[in-house]
Amino acid sequence: MTKPQRPELPSEEQDQSSAALQVFRRRATFRHGHPVEMTGTLFKEGKTFKMKKKFVCKLHDAALTLYAKEDSAAIKTVTVAKCVPGSRKFELCVMDITHHTTSFFTETEESYVAWHEALKKASDRNIESFYTLGPILGKGSYGTVRYGHSIADGETV
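Please read all numbers here as calculations on a predicted model, not as lab measurements. (Residues numbered from 1 in each chain as written. Predicted model: local features only at pLDDT ≥ 70, side-chain atom pairs only at ≥ 80, totals over all residues. Heavy atoms only, no water.)

For helix α2 (residues 109-124), which comprises 16 residues, the first-to-last C-alpha distance of 23 Å matches the rise-based estimate of 22 Å (1.5 Å per residue) to within 8%. Of all the positions in α2, only Tyr-112, Trp-115, His-116, Ala-118, Leu-119, Ala-122 and Ser-123 are classed as buried. (Helix = DSSP H or I, 4+ residues; strand = E, 2+ residues; numbered from the N terminus. Expected span 1.5 Å × (residues − 1). Buried < 20%, exposed > 50% of the residue type's maximum accessible area, 1.4 Å probe, protein only.)

Positionally, Thr-65 belongs in strand β3 (residues 63-67). Residue classification places Thr-65 among the buried residues on the basis of a relative accessible area of 12%. A polar contact is formed between the side chain of Thr-65 and the side chain of Thr-77, at a distance of 3.3 Å. Sequence-distant contacts of Thr-65, defined by excluding residues within four places in its chain, comprise Val-56, Cys-57, Lys-58, Ala-74, Lys-76 and Thr-77. (Polar contact = N/O pair within 3.5 Å; in protein donor to acceptor, adjacent residues only side chain to side chain. Contact = heavy atoms within 4.5 Å.)

Let us now look at the layout of surface pockets. Empty space within the largest pocket amounts to approximately 160 Å³. In terms of lining, the largest pocket is formed by Ile-127, Glu-128, Tyr-131, Leu-133, Thr-144, Arg-146, Tyr-147, Gly-148 and Val-157. A total of four residues in the lining of the largest pocket trace back to one element, the largest contributor, which is strand β8 (residues 143-150). Its residues assigned to classes, the lining of the largest pocket comprises five nonpolar, two polar and two charged. (1 Å grid on protein atoms, 1.4 Å probe; cavity = no way out; pocket = protein on both sides within 12 Å on 5 of 7 lines; lining within 4 Å. Points joined across faces, edges and corners; volume = space filled by probe spheres on them. Nonpolar A, V, L, I, M, F, W, Y, C, P; charged D, E, K, R; others polar.)

As a further point, take the pattern of salt bridges. As enumerated under the stated definition, the model contains four salt bridges in all. With a closest N to O distance of 2.8 Å, Arg-88 and Glu-45 form a salt bridge. In this pair, Arg-88 sits in the loop between β4 (74-85) and β5 (91-96) while Glu-45 sits in strand β1 (residues 37-45), placing the two residues 43 residues apart along the sequence. On the accessibility criterion, Arg-88 (39% relative accessible area) is partly exposed. Judged by relative accessible area, Glu-45 falls into the buried class, the value being 11%. A salt bridge links Glu-91 to Arg-88; its shortest N-O distance comes to 2.9 Å. Its relative accessible area of 4% is what places Glu-91 among the buried residues. One salt-bridge network, in which partners are shared between bridges, spans Glu-45, Arg-88 and Glu-91. (Salt bridge = Lys/Arg side-chain N within 4 Å of Asp/Glu carboxyl O.)

Secondary-structure assignment places Thr-101 in strand β6 (residues 101-105). A relative accessible area of 43% means that Thr-101 is categorised as partly exposed. Apart from residues no more than four positions distant in its own chain, Thr-101 is found in contact with Cys-93, Val-94 and Met-95.

This part is about the sheet that holds β6. Read around the barrel, six strands follow the order β1-β2-β3-β4-β5-β6 and close on themselves; strand pairing throughout is antiparallel. Adjacent strand axes in the sheet meet at a mean angle of 50°, parallel and antiparallel pairs treated alike. As paired elements, β1 and β6 share two bridges and run antiparallel to each other. Residue Lys-44 lies in a different strand from β6, and its bridge partner there is Phe-104. Against the sheet, α2 makes contact with β1, β2 (52-60), β3, β4 and β5, and its axis sits at roughly 90° relative to β4, the strand it touches most. (Pairing = 2+ DSSP bridges. Axes fitted to C-alpha atoms, helices over the stretch in contact; angles between N-to-C directions.)

Of note, Trp-115 is situated in helix α2. Owing to a relative accessible area of 2%, Trp-115 belongs among the buried residues under this scheme. C-alpha separation for the pair Trp-115 and Cys-83, spaced 32 residues apart in sequence, amounts to 9.8 Å. Those residues in contact with Trp-115 that sit more than four places away from it in its chain are Met-38, Thr-39, Gly-40, Thr-41, Leu-42, Cys-57, Leu-59, Leu-64, Leu-92 and Thr-106.

Encoded structure:
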């Protein structure tokens, strides 16, 4: 079974749609603040040979996505649970939600400080920081729905 294709919008409608999305992003209010966003270069250390490979990285909220090049497909996405400084120069140790730690390196002190701050903020935005999760209510092709309570006000979500 093939997925239905979205109809192509005429150029003028695409421009209007794009403009509306930009206005929404500027005016949107989020329950727990705006998502953390950052794009730049990080070096990931390999496990076996400890060689550092360069990646274009995009951080959106708690999702750190790695790309080989700016316009290439995503190689890996890490959900940031914790970020701490490493013991080596410009090293950032990022722990994901499965408790797997990956070492990333920056080229400069300035980028180190910026990435560390962004990753630390991203780790604070983990869903468990805001909600107590209960049993699974259902699963679908787009995700899992769980019962939960807001930690701030006890509201059922």
